[in-house]
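Here's the letter readout for the chains.
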Amino acid sequence: MERLAESGWATCAPVAEAVARAGLPAVTPGYLATAFPDESWEVAERALSALREHFAPARFADETTYGILLVPDPGRLDTRRPMPPEVRAGQLGVPADDVFDDRLPAGVLGVGDGRPWTMVATVTGAYGPSLGSHHQVVSGPAAAYTVAGADTRALMIRQLWGARVLQGGRDLPDCEANERWTFTLFPGEGLTDGLAESGTVLKGKVRFRLGKPDRGIGSARVAPAVAVP
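Residues numbered from 1 in each chain as written. Predicted model: local features only at pLDDT ≥ 70, side-chain atom pairs only at ≥ 80, totals over all residues. Heavy atoms only, no water.

**Student:** Is there a simple way to think about empty space enclosed by the protein in this case?
**Tutor:** Over the atoms, a rolling probe the size of a water molecule traces out where space has been left empty. As enumerated under the stated definition, the model contains 1 cavity of 30 Å³ or more in all. Put simply, the largest cavity is a space of about 60 Å³. Along the walls of the largest cavity sit L69, T122, L155, M156, I157, L160, W161, R164, T184, L185, F186 and A223, which together make up its complete lining. Of all the secondary-structure elements, those providing two or more residues to the lining of the largest cavity are α8 (158-168) and β6 (183-185). Ranked by the residues each element gives to the lining of the largest cavity, the list is headed by α8, at 3 residues. (1 Å grid on protein atoms, 1.4 Å probe; cavity = no way out; pocket = protein on both sides within 12 Å on 5 of 7 lines; lining within 4 Å. Points joined across faces, edges and corners; volume = space filled by probe spheres on them. Helix = DSSP H or I, 4+ residues; strand = E, 2+ residues; numbered from the N terminus.)

As structure tokens, then:
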């Protein structure tokens, strides 16, 4: 709870201002304590433990940090879309337009309208595990990706990555300024013109990209996720 209250949602001023403009409740310890019952926190902790254990054999699992991601109501703040330059100014140090491929469709809504904030157990650190290319992840057996009764590929989507970038504040995932540069694949999204979606922070901009679906290099990462009721 303290970690979330100290995340970019609350402590990165332009992100917090975007939250307020959207009419979303501020992410404070008091709000989190009242908005989510004890049972939800317990379910989240079990899901996080299960994710760590299940994906422990994955490449780069040792540098993967799992935690609770808050995803805003997309009817108020749609994290599938580019953010205004002033929001990125607080994250990147200077105002910068997101790079968003015009061919991208609306994107999967893993978290729908209704609740102001939804908790998801997933990758919250700089890097996710490496599980191969988009094609390899999509074609893999369900058992390899099922955690706590949920196929974690369903939430490997743009919406969650967009929220993860905002929640990170100035500590951006998949960023060239990190010790190593990575990009996150979105196997939960379909192909567009035969190309796979991914997200990264490169050359001072947040980028929503399309690329080859068979690209399984070490910098290609994923973010397994389990929704918390």
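**Student:** Just to check I follow, could you spell out the packing of helix α3 (residues 13-21) against helix α6 (residues 85-92) for this structure?
**Tutor:** To describe two helices that pack against each other, one gives the angle between their axes and the distance between the axes. At a closest axis distance of 7 Å, the pairing of α3 and α6 adopts a crossing angle of 145°. Note on element contacts: α6 touches α3 through E86, V87, G90 and Q91, opposite P14, V15, A18 and R21. Grouping the amino acids of the contact of α3 with α6 by side-chain chemistry returns 4 nonpolar, 2 polar and 2 charged. (Axes fitted to C-alpha atoms, helices over the stretch in contact; angles between N-to-C directions. Contact = heavy atoms within 4.5 Å. Nonpolar A, V, L, I, M, F, W, Y, C, P; charged D, E, K, R; others polar.)

**Student:** I would appreciate a short explanation of the environment of L131 in the present structure.
**Tutor:** Note that L131 resides in the loop between β3 (117-123) and α7 (134-139). Note on L131: relative accessible area 22%, which makes it partly exposed. Dropping the residues within four chain positions of it, L131 is found in contact with F55, A58, Q136, V137, Y145 and V222. (Buried < 20%, exposed > 50% of the residue type's maximum accessible area, 1.4 Å probe, protein only.)

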